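Structural overview for review
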Amino acid sequence: MTSVELVVAGNEASDLLPVHSPALLAAHGARRGFWTVLDEGPVEECLALLLEKDDNPGHWFAHHLSALPGREAGRTEDGEALAYRGGWVYAIGSHFGSKAGPLRPRRAFFSRFREDDAARGPVPIHIIRNQFRLHRVFNDAMRSFGIDTLPPGSTSQARFIVETTRRGTERRKSWTRRLAPGDHPVNVEAAAFTPSGTLLLGLRFPVTTDGEPILLEIDGVEAMFDNDERTWPHVVGAYVLTGVTPPGTLTGFRAVTARPDGTFDAVIGSIDALNKGSILLDDHPHGGGVECRHVRFGVPSGVRVPGTVVAELAPFRNVEGLAEIDGHPHYVTDEDHRIALWFA
């Protein structure tokens, strides 16, 4: 593969989403491009375009989006996943915490903006923080749909669930009632809408007892933004992606993207990064050091969803996004203070 390196606010990239708006591309003199979300800072400061010049094919440049967040300014962090539907770009938080815990309510958010509006200056972005409502829904759903999850390790249980509850109780936060002993810390890393309008969320953690990655399908995402009286999404399916995890390892989702034929491509890899103080890897050391794979699967129709390997992405362990343009896959990797866009 070949690559180009770009810099946006000295920050690393998470996820990759094709630009759909002709008006937006024209406004920047671009022939094609991608959205990415930067993973350090509030979401309104962490959206960027990676664009290829129309009059100079092969020359790529970055544009840092100016967004208007309203009353939620500065109250989010760790955007990880992007998805597109009906002219809207959605940016979703990890719903997780720092690598050593605890969970952080600032990371439990959904947001969206109209893509065409980004062609005309600062774009209004609608941000909704759910205060661990979806943490509760996700944990309950994995149990009710019969997903055999890897048991929570003692260290991660203490640092992510017990410590989060303790801090919330000290500060008299109402969201503490949505955390329960035995819960998994849920790390949302990837998202893509299905043809029917539900949203698939790819989890980096937890994984199954066999080390396989988990997908959750939720409905009601658009209604959450449209209604004045908030209605929260609910889980309509929980799935295990089978046949793509190397033996003896744990793999979680790093990216998911919808393909024109209705199938999905994804990147799977380690449950957390090595040598960065990860509590998850203290409990599950065989979940680190896993090289990334590009995989493919169809619209889920049962709990076990068969996948196929499209490409081995060795030696990469840090692929954060995947998107297809003109039949060719593009990847973005997590690099220190820069963005690396790779072309197959």
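Look a little higher up for the structure.
So, here's what we can say about the structure. No experiment lies behind these values; they were computed from the predicted model shown.

About the thresholds
- Residues numbered from 1 in each chain as written.
- Predicted model: local features only at pLDDT ≥ 70, side-chain atom pairs only at ≥ 80, totals over all residues.
- Heavy atoms only, no water.
- Helix = DSSP H or I, 4+ residues; strand = E, 2+ residues; numbered from the N terminus.
- Rg over C-alpha atoms; globule rule 2.2 N^0.38 Å.
- Areas by Shrake-Rupley, 256 points an atom, 1.4 Å probe, with all protein chains shown as cover.
- Lys, Arg positive; Asp, Glu negative; His and termini not counted.
- Charge placed at Lys NZ, Arg CZ, Asp CG, Glu CD.
- 1 Å grid on protein atoms, 1.4 Å probe; cavity = no way out; pocket = protein on both sides within 12 Å on 5 of 7 lines; lining within 4 Å.
- Points joined across faces, edges and corners; volume = space filled by probe spheres on them.
- Nonpolar A, V, L, I, M, F, W, Y, C, P; charged D, E, K, R; others polar.
- Contact = heavy atoms within 4.5 Å.
- Buried < 20%, exposed > 50% of the residue type's maximum accessible area, 1.4 Å probe, protein only.
- Pairing = 2+ DSSP bridges.
- Axes fitted to C-alpha atoms, helices over the stretch in contact; angles between N-to-C directions.

Here we take up the overall build of the protein chain. Across its full length, the protein chain holds 5 helices and 22 strands. Computed over the C-alpha atoms, the radius of gyration of the protein chain is 19 Å, within 12% of the 20 Å expected from 2.2 N^0.38 for a compact globule of 344 residues. Based on the C-alpha atoms only, the size of the protein chain along its principal axes is roughly 55 × 45 × 40 Å. Of the roughly 13,500 Å² that the protein chain leaves accessible, carbon and sulfur atoms contribute 48%. Counting 35 positive and 44 negative side-chain charges, the protein chain places the centres of these two groups 6 Å from one another.

Moving on to the layout of surface pockets. Empty space within the largest pocket amounts to approximately 740 Å³. Lining the largest pocket are 30 residues, and of these K99, R204, A273, K276 and D334 sit closest to its centre. In terms of residue class, the lining of the largest pocket is made up of 3 nonpolar, 9 polar and 18 charged.

What follows concerns the side chain of T257. Relative to the helices and strands, T257 is located in strand β16 (residues 252-258). Excluding residues that lie within four positions of it along the chain, T257 makes contacts with A192, T263, F264, D265, L322 and A323.

Glancing now at the pairing of strand β18 (residues 293-297). In terms of burial, β18 is a largely internal element, 4 of the 5 residues being buried. Taken together, the 5 bridges between strand β17 (residues 264-269) and β18 define a ladder with antiparallel strand orientation. From the neighbouring strand, D265 faces β18, where its bridge partner is R296. Summarising the sheet, β18 and strand β19 (residues 304-312) pair through 5 bridges and their orientation is antiparallel. Within the sheet, the bridge partner assigned to R296 lies in β19 and is T308.

Read from one edge of the open sheet, 4 strands run β7-β8-β9-β11, paired in antiparallel fashion. Each edge of the sheet is formed by a strand with only one pairing partner; in this case those strands are β7 (79-85) and β11 (126-129). Along the sheet, successive strands turn relative to each other by an average axial angle of 20 degrees, direction set aside. When strand β9 (residues 109-114) meets β11, the two strands line up antiparallel, connected through 4 bridges.

Moving on to the environment of N187. Mapped onto the elements, N187 comes out in strand β12 (residues 187-193). Sequence-wise, N187 and E80 are 107 residues apart; in three dimensions their C-alpha atoms are separated by 9.3 Å. The residues touching N187, leaving out its near neighbours within four places in the chain, are S94, F96, G202, L203, R204 and F205.

Glycine aside, residues mostly have negative phi angles, and peptide bonds mostly take the trans form. Geometrically, the link from F205 to P206 is a cis peptide bond, its omega value of 5 degrees lying close to zero. Structurally, P206 can be placed in the loop between β13 (199-205) and β14 (214-219). Residue P315 follows A314 across a cis peptide bond; omega there is 10 degrees. Structurally, P315 can be placed in the loop between β19 and β20 (319-325). Despite not being glycine, H95 has its phi angle at roughly 60 degrees, a positive value. Given a relative accessible area of 3%, H95 falls into the buried group. The backbone of Q131 sits at a positive phi, close to 50 degrees, despite the residue not being glycine. Checked against the element boundaries, Q131 lands in the loop between β11 and α2 (133-144).

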